[in-house]
Amino acid sequence: MSENFLDVFIIICGVYLVFSAIKMNQTRVISTTLISKGADLDTAFDKEGFIKAMYRKTVVLGAMTAIVGILDIVNTQYLLIPYFNMAMCLAFFIIVMLYAKMNMDAQKKYLWPNS
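The notes below deal with the structure included here.

Brief notes about the side chain of N103
Alright, step 1. The residue N103 is located in helix α3 (residues 84-111) in this model.
Alright, step 2. Look at N103 and you get buried, because its relative accessible area is 6%.
Alright, step 3. A polar contact of 3.0 Å, which involves the side chain of N103, links it to the backbone oxygen of L34.
Alright, step 4. When sequence neighbours within four positions are dropped, the list of residues in contact with N103 reads L34, F50 and M54.

In structure tokens:
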């Protein structure tokens, strides 16, 4: 199990992202997990627009993160497909970069349009 510690951590991070997004959607309060460090939400322009723009994307990213962790455990323990983990990590890296770009664009559009 010690070789799967990182995978378990990745699964927990994915679940945390999903629950953060759900909580943000229910409470209508932007999760600090999704915004730039040091950002002041009191001066935000359109919080509702940001929540609508990022809710589904964050749930999908969180679910995909958890799935990546689960698939890595399954491959490590049972399937043993060569280069599967490397290909999965590369694809996941690209997805995370795309999400980061969408998140920054949403912040610029909905939260701080004049900056």
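Brief notes about the packing of helix α2 (residues 47-79) against α3
Alright, step 1. One can describe the packing of α2 onto α3 by two numbers: an axis separation of 10 Å at closest approach and a directional angle of 170°. In terms of orientation, α2 and α3 fall into the roughly antiparallel class.
Alright, step 2. Split by residue class, the contact of α2 with α3 holds 17 nonpolar, eight polar and three charged.

Examining the pattern of salt bridges
Any two side chains of opposite charge can pair, given that their charged atoms come close.
Alright, step 1. In total, this model carries two salt bridges according to the counting rule given.
Alright, step 2. Note that E48 is salt-bridged to R28, the shortest N-O span being 2.6 Å. Separated by 20 residues along the polypeptide, E48 in helix α2 and R28 in the loop between α1 (5-27) and α2 bring together distant segments of the chain.
Alright, step 3. Since its relative accessible area comes to 28%, R28 is described here as partly exposed.
Alright, step 4. Salt-bridge contacts for K101 lead to D105; the nearest nitrogen and oxygen are separated by 2.9 Å. Here K101 pairs with D105, and both are found in helix α3, just four residues apart, close to one helical turn.

Regarding unusual backbone geometry
If a residue is not glycine, its phi is most likely negative; likewise, a peptide bond is most likely trans.
Alright, step 1. Not every positive phi belongs to a glycine, and R28 is a case in point at roughly 65°.
Alright, step 2. Located in the positive-phi region is Y83, a residue other than glycine, with phi close to 65°.
Alright, step 3. With relative accessibility at 65%, the residue Y83 sits in the exposed group.

Basis of the calculations
Residues numbered from 1 in each chain as written. Predicted model: local features only at pLDDT ≥ 70, side-chain atom pairs only at ≥ 80, totals over all residues. Heavy atoms only, no water. Helix = DSSP H or I, 4+ residues; strand = E, 2+ residues; numbered from the N terminus. Buried < 20%, exposed > 50% of the residue type's maximum accessible area, 1.4 Å probe, protein only. Polar contact = N/O pair within 3.5 Å; in protein donor to acceptor, adjacent residues only side chain to side chain. Contact = heavy atoms within 4.5 Å. Axes fitted to C-alpha atoms, helices over the stretch in contact; angles between N-to-C directions. Parallel < 35°, antiparallel > 145°, perpendicular 65-115°, else oblique. Nonpolar A, V, L, I, M, F, W, Y, C, P; charged D, E, K, R; others polar. Salt bridge = Lys/Arg side-chain N within 4 Å of Asp/Glu carboxyl O.

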